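# Commentary on secondary and tertiary structure
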Amino acid sequence: MTVHLEVAEGVGTLRLDRPPMNALDVAVQDRLRELAEEVTRRDDVRAVVLYGGEKVFAAGADIKEMRAMDHAAMVLRARDLQDSFTAVARIPKPVVAAVTGYALGGGCELALCADFRIAADNAKLGQPEILLGLIPGAGGTQRLPRLVGPSRAKDLIFTGRQVRADEALAIGLVDRVVPAADVYTEAHAWAAKLAKGPAIALRAAKEAVDTGLEADIDTGLAVERTWFAGLFATEDRERGMRSFVEEGPGKATFR
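Residues numbered from 1 in each chain as written. Predicted model: local features only at pLDDT ≥ 70, side-chain atom pairs only at ≥ 80, totals over all residues. Heavy atoms only, no water.

### Here we look at the packing of helix α1 (residues 26-41) against helix α3 (residues 71-89)
- Where α1 meets α3, the closest approach of the two axes is 8 Å, and the angle between their N-to-C directions is 40 degrees. Of the possible angle classes, the one that applies to α1 and α3 is oblique. Seen from above, α1 lies across α3 with left-handed handedness. Packed against α1, whose contacting residues are Val26, Gln29, Asp30, Leu32, Arg33 and Ala36, the element α3 presents Arg77, Asp80, Leu81, Asp83, Ser84, Phe85, Ala87 and Val88 at the interface.
- Residue composition of the contact of α1 with α3, by class: seven nonpolar, two polar and five charged. (Axes fitted to C-alpha atoms, helices over the stretch in contact; angles between N-to-C directions. Helix = DSSP H or I, 4+ residues; strand = E, 2+ residues; numbered from the N terminus. Parallel < 35°, antiparallel > 145°, perpendicular 65-115°, else oblique. Left-handed = near helix turned anticlockwise from the far one by under 90°. Contact = heavy atoms within 4.5 Å. Nonpolar A, V, L, I, M, F, W, Y, C, P; charged D, E, K, R; others polar.)

Structure (structure tokens):
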């Protein structure tokens, strides 16, 4: 398999496994979509880590495979490409990308699908598609400007340049930089902590934020208040409030 799913402590790790550079060919894309749908369904997976291994996250698309495609073939494939990444972005649970080495092109776009990005101090990220006479095709022109702003996104997309971990942190492309040996441990710890939280409330929070970023504020507020009121019907809300009153904040355990 080109992508593996490993589950421990409520955390599902989606591990890319296509040596040497985890090139994102059609088989990897389809497998990502399949596993994203699986972790969405599974109750024993409450948070997710995206990981490419100790040396590289994903160095981009399989250029040899893409080169063999003509216009007609890519017209048919482009939607499936985007849908595989969108399936990851829409996992209704916390998702963290553990970025080691290169995260370029589709690799960067995959990291953009996560809620949080932890990068190795030797990581390099970028959208080099322009150097091939192309533009990002797996969400980069849409998710990158939403994350770092339009002018910074255009800089990366127009030039195709790579950014090191320190610059990626400064512009908000990643959220934390740690030694390379600690990337997966840190990412798993972040996910495991959230896996113990109230699952329905976390799902609500993610949907409210993501919907709000894609819609006008009135629509976002409508989603927020619907979820906010709906959570009053959950056992977790009752447990959380009872624990707050009886024991103080931050001591509730959720089911």
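Anyway, onward from the coordinates.
### Overview of the environment of leucine 144
- Relative to the helices and strands, leucine 144 is located in helix α5 (residues 140-148).
- Sequence separation of leucine 144 and glycine 12 is 132 residues, and the distance between their C-alpha atoms is 25 Å.
- Among residues more than four places away in sequence, those in contact with leucine 144 are Leu112, Gln127, Gly139, Gly149, Ala153, Leu156, Ile157 and Leu173.

### Description of helix α11 (residues 235-247)
- For α11, with 13 residues, the first-to-last C-alpha span of 17 Å sits near the 18 Å given by 1.5 Å per residue.
- Among all positions in α11, only Asp236, Arg239 and Ser243 are buried. Projected onto a plane normal to the axis of α11, the buried residues spread over an arc of 60 degrees and lie on a single side. Residues of α11 that are exposed and point more than 90 degrees away from the buried face comprise Phe244 and Val245.
- Looking at the packing, one finds that the buried side of α11 touches α9 (199-214).
- One or two positions beyond α11, positive phi appears at glycine 248, with a value near 105 degrees. (Expected span 1.5 Å × (residues − 1). Buried < 20%, exposed > 50% of the residue type's maximum accessible area, 1.4 Å probe, protein only. Arc of directions from axis to C-beta.)

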